[in-house]
Amino acid sequence: MPNHAVLPKGRLRAEIFRSARPDLRFRLLVWFSCVIATLGLIADSPAVVIGSMLVAPLLGPIMALGLALLGGARKEPLPPLWALAEGVVAAIVLSYVIAELLRASPFAVLETLPGEVQARTRPNPLDLGIALAGGAIGAYGLVRMRAADALPGVAIATALMPPLCTVGIGLSLGDRGVWGGAMLLFATNLSAILTAAAVVFLLSGVRHKTPTHPGPRLVLGAIPVVVLGVALAGLTTRAVQEAREEDQLAAAAREAVVNLFPGGSVERVSRTSGDDGSLRVRVEAQVDREPTITDAETIQAYIAQQTGKRVQLVLVTTPVLVLDPLNPPPPDVRLLTPTPTPTATPTRTPTPTPTATSTRTGTPGATSSELRTPGSGGAAGEPGRNASATPTKSSTPGPTP
């Protein structure tokens, strides 16, 4: 180790364990860093998430537990262990409550999973290596006080608070993949930081003088790191294989659709496991004609041939019309605007009132007719009767003066 200014071992141990107590300062930092991290994850803001890492005080109890792993008083590990447990539970519960309140609000949040949340759900062996390096340099910064400036960077690299808040968000969403992956990431960081810190403390000589050697304890503490490393390697290998299979499926589906429908395109290809162990593939495509059952069977057979697996195909197509360009383009195109046609309204015509008349027709051979007018009464020859005789003439029609 470089010869920097070092505190006395007893005082250094006291400072490390004092900073890991669950006092009011520790609780306030946990609560507010959890609020910042949860809101930053939901808002998909990397800068806000990084700020929450700087505020989170969880690195202190983990360093104290790493020092306690080397031996000492029996009651020394209890305060940092209680502080770590309290911080973990408080972060998960508070992030769950915040996520529930935001989902019940009129704001459209968590309708899709933010990228910052997804980044904490798929741990891999690289995360384990980062946590080992971060725990080692963090312990060295505590031992050599001049390197204490590295602690903020260690807090950012190891990322303890965001995974816990992702667990609360995943529980609110009811998504086991989200909260399970985030919990695995936190366990990886916790075990790696604790083991690396204990090794650095041992090499620095900062341990309680005990008759027993701390080697067996370090081996016991390294077991979770090895188990998690193997598990992460297996999960990463499986994830890489699934990604390659998805790329192969997408390429086969795209080639089959374009071959059958020259003007078509594949929009999305997704896959799930069928009940009978087959591969259920859903292909969403835009085509220029109505597909037939023969087209679907051809696509299914081609995908099965390329992947070497039994494929259950779900083909969803959207019709698309593609028109050739006009050469030359029409000079003027006008859309016909429909003119409203007036509706004929029926008109009521008054009916003429009939007038009572009496026409008297003479006997055969008579040359006159009588017209009885209202007011004339009595029989023929009685007083008050007006009679007129109209001679019948045969004349040629002419102009009327």
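Here, the structure is the one placed above.
Residues numbered from 1 in each chain as written. Predicted model: local features only at pLDDT ≥ 70, side-chain atom pairs only at ≥ 80, totals over all residues. Heavy atoms only, no water.

1. A few points about the pattern of salt bridges
- Under the defined criterion, the tally for this structure stands at 10 salt bridges.
- A salt bridge links arginine 238 to glutamate 242; the nearest nitrogen and oxygen atoms lie 3.3 Å apart. Here glutamate 242 and arginine 238 lie together in helix 11 (residues 215–260), a separation of 4 residues that amounts to about one turn.
- According to the relative accessible area criterion, glutamate 242 is partly exposed, its value standing at 31%.
- One salt-bridge network, held together by shared partners, links Glu245, Arg271 and Lys309. (Salt bridge = Lys/Arg side-chain N within 4 Å of Asp/Glu carboxyl O. Helix = DSSP H or I, 4+ residues; strand = E, 2+ residues; numbered from the N terminus. Buried < 20%, exposed > 50% of the residue type's maximum accessible area, 1.4 Å probe, protein only.)

2. Details of the nonpolar core
- Counting residues in each nonpolar core, the largest one holds 58 residues, and the members touching the most others are Met161 and Phe201.
- The greatest single-element share of this core, amounting to 10 residues, is contributed by helix 10 (residues 176–204).
- Excluding residues within four positions of it along the chain, phenylalanine 201 makes contact with Ile16, Met63, Gly66, Leu67, Leu70, Ala139, Leu142, Val143 and Val206.
- Core analysis: the next-biggest nonpolar cluster, separate from the first, contains 16 residues, Ala252, Val281, Val283 and Ala285 among them. (Core = buried A, V, L, I, M, F, W, Y, C linked by side-chain atoms within 4.5 Å. Contact = heavy atoms within 4.5 Å.)

3. Notes on a nonpolar patch on the surface
- On the surface, Val89, Val93, Tyr96, Val97, Leu101, Leu171 and Trp179 cluster together to form a nonpolar patch covering roughly 610 Å² of accessible area.
- In terms of residue count, helix 5 (residues 78–104) provides more of the nonpolar patch than any other element does, 5 residues in total.
- By secondary structure assignment, the location of leucine 171 is in helix 9 (residues 161–173). (Patch = residues over 30% accessible without salt bridge, like charges linked within 9 Å, V, L, I, M, F, W, Y side chains within 5 Å. Areas by Shrake-Rupley, 256 points an atom, 1.4 Å probe, with all protein chains shown as cover.)

4. A short note on the sheet that holds strand 2 (residues 279–287)
- Spatially, 3 strands are ordered 1-2-3 in an open sheet, and the strand pairing comes out mixed. In the strand order of this sheet, the two ends are held by strand 1 (265–273) and strand 3 (311–319), each with one partner. If you compare each strand with its neighbour and ignore which way they point, the axes differ by 15° on average.
- Sheet topology note: the strand 1/strand 2 ladder contains 8 bridges and is antiparallel. Across the sheet, residue arginine 271 finds its bridge partner in strand 2, namely valine 281.
- Helix 11 contacts strand 1 and strand 2 of the sheet and is inclined by roughly 135° relative to strand 1.
- Lying on the sheet, helix 12 (residues 293–307) is in contact with strand 2 and strand 3; it crosses strand 3 at an angle near 130°. (Pairing = 2+ DSSP bridges. Axes fitted to C-alpha atoms, helices over the stretch in contact; angles between N-to-C directions.)

5. With respect to helix 5
- Here helix 5 contains 27 residues, and its C-alpha end-to-end distance of 39 Å stays within 8% of the 39 Å for a straight helix at 1.5 Å per residue.
- Among all positions of helix 5, only Pro80, Ala83, Leu84, Gly87, Val88, Ala91, Ile92, Ser95, Ile98 and Ala99 are buried.
- Packing partners of the buried residues in helix 5 comprise helix 1 (9–18), helix 2 (24–42), helix 4 (59–68), helix 9 and helix 10. (Expected span 1.5 Å × (residues − 1).)

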